[in-house]
Amino acid sequence: MQRPFITSAMIVLALLATIDSASAERYERHINGRTVVVHTNPVPVVVHRILPPYLGKHVTQRSLSNGRLPRRGQ
């Protein structure tokens, strides 16, 4: 029962440790009446998707270019 929690905690800590070395430009865009924060590096987006309340607000530059935006609350 504790094993999944420990594994998840290790993954989150590894992601948080790489944030300092993973620099990313970010900017805001207004799309379909909604404000999204666009990052050039996917690491901050992954962290924001794990930690609410930023779920669905942060996207990568690549997903924006491809037209794939997450729905609100996803």
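Relevant structure appears above.
First things first, this report covers the structure right here in the doc. (Residues numbered from 1 in each chain as written. Predicted model: local features only at pLDDT ≥ 70, side-chain atom pairs only at ≥ 80, totals over all residues. Heavy atoms only, no water.)

Comments concerning the pairing of strand E1 (residues 26-31)
Pairing of E1 with strand E2 (residues 34-39), which is carried by six bridges, proceeds in the antiparallel orientation. Bridge pairing in E2 places His 30 opposite Thr 35. The hairpin turn running from E1 into E2, its antiparallel successor, is two residues long, and Asn 32 in that turn takes a positive phi close to 55 degrees. (Pairing = 2+ DSSP bridges. Helix = DSSP H or I, 4+ residues; strand = E, 2+ residues; numbered from the N terminus.)

Details of the sheet that holds strand E3 (residues 58-60)
Pairing is mixed in the open sheet, where three strands are placed in the order E1-E2-E3. Only two strands of the sheet have a single neighbouring strand rather than two, namely E1 and E3. Taking the axes of each pair of neighbouring strands and ignoring which way they run, one obtains an average angle of 40 degrees across the sheet. With three bridges joining them, E2 and E3 adopt parallel strand pairing. In the sheet register, Val 38 faces E3, and the bridge partner there is Val 59. Contacts from helix H2 (residues 42-50) reach E2 and E3, with the element oriented near 150 degrees to E3. (Axes fitted to C-alpha atoms, helices over the stretch in contact; angles between N-to-C directions. Contact = heavy atoms within 4.5 Å.)

Considering unusual backbone geometry
Not every positive phi belongs to a glycine, and Asn 32 is a case in point at roughly 55 degrees. Secondary-structure assignment places Asn 32 in the loop between E1 and E2. By relative accessible area, which is 76% here, Asn 32 ends up exposed. (Buried < 20%, exposed > 50% of the residue type's maximum accessible area, 1.4 Å probe, protein only.)

Some words on the side chain of His 58
Tracing the sequence through the fold places His 58 in strand E3. Under the relative-accessibility criterion, His 58 is labelled buried at 4%. Setting aside residues up to four positions removed in sequence, His 58 forms contacts with Val 37, His 39, Val 45, His 48 and Arg 49.

What about a nonpolar patch on the surface?
Judged by side-chain polarity, Phe 5, Ile 6 and Met 10 come together as a nonpolar surface patch covering roughly 360 Å² of accessible area. Secondary-structure assignment places Phe 5 in helix H1 (residues 2-19). (Patch = residues over 30% accessible without salt bridge, like charges linked within 9 Å, V, L, I, M, F, W, Y side chains within 5 Å. Areas by Shrake-Rupley, 256 points an atom, 1.4 Å probe, with all protein chains shown as cover. Salt bridge = Lys/Arg side-chain N within 4 Å of Asp/Glu carboxyl O.)

By themselves, these observations are geometric and do not establish any function.
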